[in-house]
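# Fold and geometry: a report
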Amino acid sequence: MKMQNLTLLLVLFLSTSHSAFSITDGLLPNGNFELGPKRGQLKGSVVTAQNAIPNWSVTGYVEYIQSGQKQGDMLLVVPEGAYAIRLGNEASIKQNVKLVKGLHYAITFSAARTCAQEEKLNVSVVPSNEKRDWGQIPIQTMYGSNGWESFSCGFVADFQDAQIVIHNPGVEEDPACGPLIDSVALKVLNPPRRTRANLLKNGNFEEGPYVFPNASWGVLIPPHIEDAHSPLIGWIVESLKAVKYIDSEHFSVPEGKRAIELVAGKESAIAQVVITTVGRIYDLTFAVGDASNACEGSMMVEAFAGKDTVQVPYQSKGKGGFIRGKLRFKAVSTRTRVRFLSTYYTMKNDNSGSLCGPVIDDVKLFSVRYPRHA
């Protein structure tokens, strides 16, 4: 009887506590929203109490959505588990977390739009020493065929006690047209160092955001993310559209466990600035392939280094595979920008209309001591 009472107390504590938790790699407590409000804290699907969802606090018009729930003729699909939440006009969800000051973190979460045409989400960690230190994530462009995407953004912890906030800044005529949110995770990023063998940081893309084990759609890294706060540590997403972070569990990856898919043609680009010696010769090498995700056709990756460029064509059958590319250049500045983009726009051949593109991986930059004999 005593053991049953202890078990009951533990369950009650986990379902009602709103204390800050320290997470280094994985879902936040109740990050998938499977623990929900009590019946008396719901009016239909609308959450009526600020702390009704265990481990979270909510503000504004927030709904607790069950998988298979309908809105008119639209079926609301939950990516993992049985429940998700929907943020209406100016609504937010928040969770307190314990952080290590000075460490680099990545937030990953899944989201889907419902009936609004142009939706954005603001993701922030407060308090912060930086003004307007929040990421705005557009979710109107969908790259998958299931209606869901996982997104990521990065930050550096300025304080030990903080709060993760996901906010819908939209103002729709129907507040029930906001985006669905599910599976919120946090990961500590370990900054990689440059070496003589590779002057690029994180050239194999192994250090990046958390990838949900059961999610087969990868993680989108939004555009205009600077390297100081990028969840793809060391790299800048300097394009108009996102790039996709993929893993070897669900995709074909040329080397290691992670890679980048350039999913939106020339609007999908990554870059990194490296220190170089004027007049010295360098080689930039990299792998170009496909993710084995029904992305077929002629592809082309363009690589830039300073004033030089190379185009690497790749004929994809959508079943995996890769080739090697190389760009030799002479440095004309003490700082050289290395940049990659996809020349063409490509769609999957599964009639979904989903954007896809070439995969890049195993990117290396090194000085050539004897270029005539290399």
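In this report, the structure presented in the accompanying data block is examined. In this text the structure is predicted, and so the values were computed from the model without any measurement.

### Some words on the packing of aromatic side chains
Counted according to the given criterion, the structure contains nine aromatic pairs. On the numbers, 5.1 Å between centres and 75° between planes, the contact of Phe 286 with Phe 340 is edge-to-face. Highlighted residues: Phe 286 in strand 22 (residues 281–289) and Phe 340 in strand 26 (residues 335–342), separated in sequence by 54 residues. Judged on exposure class, the residue Phe 286 and its partner Phe 340 are both buried. Between the NZ or CZ atom of Arg 339 and the centre of the ring of Phe 304, over which it lies, the distance is 5.7 Å.

### A look at the side chain of Arg 258
With respect to the secondary-structure elements, Arg 258 resides in strand 20 (residues 258–261). Buried Arg 258, no salt bridge; nearest opposite-charge side chain is Asp 247, N-O distance 4.7 Å. Setting aside residues up to four positions removed in sequence, Arg 258 forms contacts with Asn 204, Phe 205, Glu 206, Val 211, Tyr 245, Ile 246, Asp 247, Val 253 and Asp 361.

### A word on the side chain of Gln 95
Looking at the secondary structure, you find Gln 95 in strand 10 (residues 92–98). Within the local environment of Gln 95, its side chain forms a polar contact with the backbone oxygen of Pro 29, the two atoms lying 3.2 Å apart. Within the structure, the side chain of Gln 95 is placed 3.4 Å from the backbone oxygen of Asn 55, a separation counted as a polar contact. Residues in contact with Gln 95, not counting those within four places in the same chain, are Leu 28, Pro 29, Asn 55, Trp 56, Ala 162, Gln 163 and Ile 164.

### A word on the pattern of salt bridges
For the structure on display, the rule yields seven salt bridges. Close ionic contact of Glu 238 with Arg 339 constitutes a salt bridge, the shortest N to O distance being 2.2 Å. One end of the pair, Glu 238, is in the loop between strand 18 (236–237) and strand 19 (243–247); the other, Arg 339, is in strand 26, and 101 residues separate them in sequence. Look at Glu 238 and you get partly exposed, because its relative accessible area is 25%. A relative accessible area of 24% places Arg 339 in the partly exposed class. A salt bridge links Arg 328 to Asp 283; the nearest nitrogen and oxygen atoms lie 2.7 Å apart. Here Arg 328, found in strand 25 (residues 322–330), pairs with Asp 283, found in strand 22; they are 45 residues apart in sequence, far enough to count as distant. A residue is classified by how much of its surface remains accessible, and Asp 283, at 4% relative accessible area, is buried. Within this structure, Glu 238, Arg 337 and Arg 339 form a network of salt bridges that share partners.

Cut-off values and rules
Residues numbered from 1 in each chain as written. Predicted model: local features only at pLDDT ≥ 70, side-chain atom pairs only at ≥ 80, totals over all residues. Heavy atoms only, no water. Phe/Tyr/Trp six-rings, centres within 6.5 Å; stacked < 30°, edge-to-face > 60°. Helix = DSSP H or I, 4+ residues; strand = E, 2+ residues; numbered from the N terminus. Buried < 20%, exposed > 50% of the residue type's maximum accessible area, 1.4 Å probe, protein only. Lys NZ or Arg CZ within 6 Å of the ring centre and 35° of its normal. Lys, Arg positive; Asp, Glu negative; His and termini not counted. Salt bridge = Lys/Arg side-chain N within 4 Å of Asp/Glu carboxyl O. Contact = heavy atoms within 4.5 Å. Polar contact = N/O pair within 3.5 Å; in protein donor to acceptor, adjacent residues only side chain to side chain.

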